[in-house]
Amino acid sequence: VQLQASGGGLVQAGGSLRLSCAASGIIYLSDVMGWYRQGSGKQRELVATITGDGTTNYADSVKGQFTISRDNAKNTVYLQMNTLKSEDTAVYYCKLHRIWPSVMDYWGEGTQVTVSS
């Protein structure tokens, strides 16, 4: 499995960005896809995850601000980020967590999101 993230960039505070992560290879509905981020000098943290049937989970810090979605036909997961703040500045990583047929984690290369105040 390979994950290719895109959509990052520079945006002013209050603006929006949409990240995409396209997965190649065999993707199962049981795979959980998600977004994580790592700010400068900080640990990588969960942003949001989504299961194959569309069940979502968000970090408290982004609830109501970010929306994760998934297109199983395209093996792609999206992260719509609205009302961006300077504290959202980070490298955003896409992750695929597999539980079957074996437990595996796959990470994509990050995409930089910079929010200017």
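Here, every reference points to the structure presented above.
Just so it is clear, the structure is predicted and the values come from calculations on it, not from any experiment. (Residues numbered from 1 in each chain as written. Predicted model: local features only at pLDDT ≥ 70, side-chain atom pairs only at ≥ 80, totals over all residues. Heavy atoms only, no water.)

### Things to note about the pattern of salt bridges
Turning to step 1, where the next piece is worked out: Applying the stated rule across the entire model yields five salt bridges.
Turning to step 2, where the next piece is worked out: Salt-bridge contacts for Glu45 lead to Arg37; the nearest nitrogen and oxygen are separated by 2.7 Å.
Turning to step 3, where the next piece is worked out: Here Glu45 falls in the partly exposed class, since its relative accessible area comes to 35%.
Turning to step 4, where the next piece is worked out: In this structure, Asp60 and Lys63 form a salt bridge, with 3.0 Å as the shortest nitrogen-oxygen distance. The same class applies to Asp60 as to Lys63, namely exposed.
Turning to step 5, where the next piece is worked out: Through salt bridges with shared partners, one network takes in Arg37, Glu45 and Asp88. (Salt bridge = Lys/Arg side-chain N within 4 Å of Asp/Glu carboxyl O. Buried < 20%, exposed > 50% of the residue type's maximum accessible area, 1.4 Å probe, protein only.)

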